[in-house]
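What follows is each chain in one-letter form.
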Amino acid sequence: MTTPPTKLPRTPDAQDRCPCLSGNTYGECCGRYLSGDSAAPTAEALMRSRFTAFATGDGDYLLRSWWPATRPVDLELDEDMRWYRLDILDTVRGKVGDDDGVVTFRAYYRHPDGAGQQQETSRFRHRDGHWYYVDALALD
Ligand SMILES: [Zn+2]
């Protein structure tokens, strides 16, 4: 009996290396945020968990962690996209106790049409115990 191949990677096991490459296991890193067991404590942690959601194809988490006013109605993820590396380049505020934060990151992907990277400076807001992705600042 064969399992039909799923295009998107499956949810990692708790002991697997976290896709955000923090060095922690999935269970001790983004896994607990994607599962809803706990809330990302900082803007960077939310950024990492959203990268992991892209890497594992978790569109629900992406929508859930999006600021309501800027959240798209729905989200179609490219099933051929493989996000495999995240570098956090800079963070401004976004710590425990802050109301907002800014995270600059570079994310790397492979795709049948070619590999590439995306650099973005994202804005985050904290409300009612949760961090949310708001939008991306325009590039200079
Ligand atoms: Zn992680």
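Residues numbered from 1 in each chain as written. Predicted model: local features only at pLDDT ≥ 70, side-chain atom pairs only at ≥ 80, totals over all residues. Heavy atoms only, no water.

Asks: For the sheet that holds strand 3 (residues 116-127), give the residues involved together with the corresponding values.
Replies: Reading across the sheet, the 4 strands line up as 1-2-3-4 and stay open at both edges, with antiparallel pairing between neighbours. Both outer strands of the open sheet, strand 1 (82-93) and strand 4 (130-136), are each paired with one neighbouring strand and no more. The sheet shows a mean angle of 35° between the axes of neighbouring strands, direction not considered. Here strand 3 pairs with strand 4 via 6 bridges, running antiparallel. Paired with Ser122 across the strands is Ala136, a residue of strand 4. Along the sheet, helix 2 (residues 43-56) makes contact with strand 1, strand 2 (100-110), strand 3 and strand 4, crossing strand 1 at roughly 165°. (Pairing = 2+ DSSP bridges. Helix = DSSP H or I, 4+ residues; strand = E, 2+ residues; numbered from the N terminus. Axes fitted to C-alpha atoms, helices over the stretch in contact; angles between N-to-C directions. Contact = heavy atoms within 4.5 Å.)

Asks: Let's hear about the confidence of the model for the protein: which residues, and what values?
Replies: Across the protein, pLDDT averages 93, with 92% of residues at or above 70. Mean pLDDT per element in the protein: helix 3 (residues 59-64) is the minimum at 96, and strand 4 is the maximum at 98. (pLDDT = per-residue confidence, 0-100.)

Asks: Can you tell me about the environment of Arg50, naming the residues and giving the values?
Replies: Secondary-structure assignment places Arg50 in helix 2. Arg50 gets classed as buried once you look at its relative accessible area, which sits at 4%. As a C-alpha pair, Arg50 and Asp90 span 40 residues in sequence and 16 Å in three-dimensional space. Aside from chain neighbours lying at most four places away, what touches Arg50 is Tyr61, Leu62, Ser65, Trp66 and Tyr133. Polar side-chain contacts of Arg50 include one of 2.8 Å to the backbone oxygen of Leu62. (Buried < 20%, exposed > 50% of the residue type's maximum accessible area, 1.4 Å probe, protein only. Polar contact = N/O pair within 3.5 Å; in protein donor to acceptor, adjacent residues only side chain to side chain.)

Asks: Give me the lowdown on the coordination of the zinc ion, citing residues and values where you can.
Replies: Distances from the zinc ion to its protein donors, namely Cys18 (SG), Cys20 (SG), Cys29 (SG) and Cys30 (SG), fall within the range 2.3 Å. What the 4 donor atoms of the zinc ion show is an angle range of 104 to 115° at the metal, which sorts the shape as tetrahedral. Each donor residue of the zinc ion lies on the same chain, and together they follow the pattern C-x1-C-x8-C-C. Note that Cys20 is positioned in the segment before helix 1 (31-34) and Cys30 in the segment before helix 1, a separation of 10 residues in sequence. (Donors = N, O, S within 2.8 Å, 3.2 Å for Na, K, Ca; no water. Tetrahedral: all angles 85-135°; square planar, octahedral: opposite > 155°, others 65-115°.)

Asks: I'd like a rundown of the side chain of His111, residues and numbers included.
Replies: Note on placement: His111 falls in the loop between strand 2 and strand 3. Only 2.8 Å separates the side chain of His111 from the side chain of Asp78, close enough to count as a polar contact. A polar contact is formed between the side chain of His111 and the backbone nitrogen of Asp113, at a distance of 3.0 Å.

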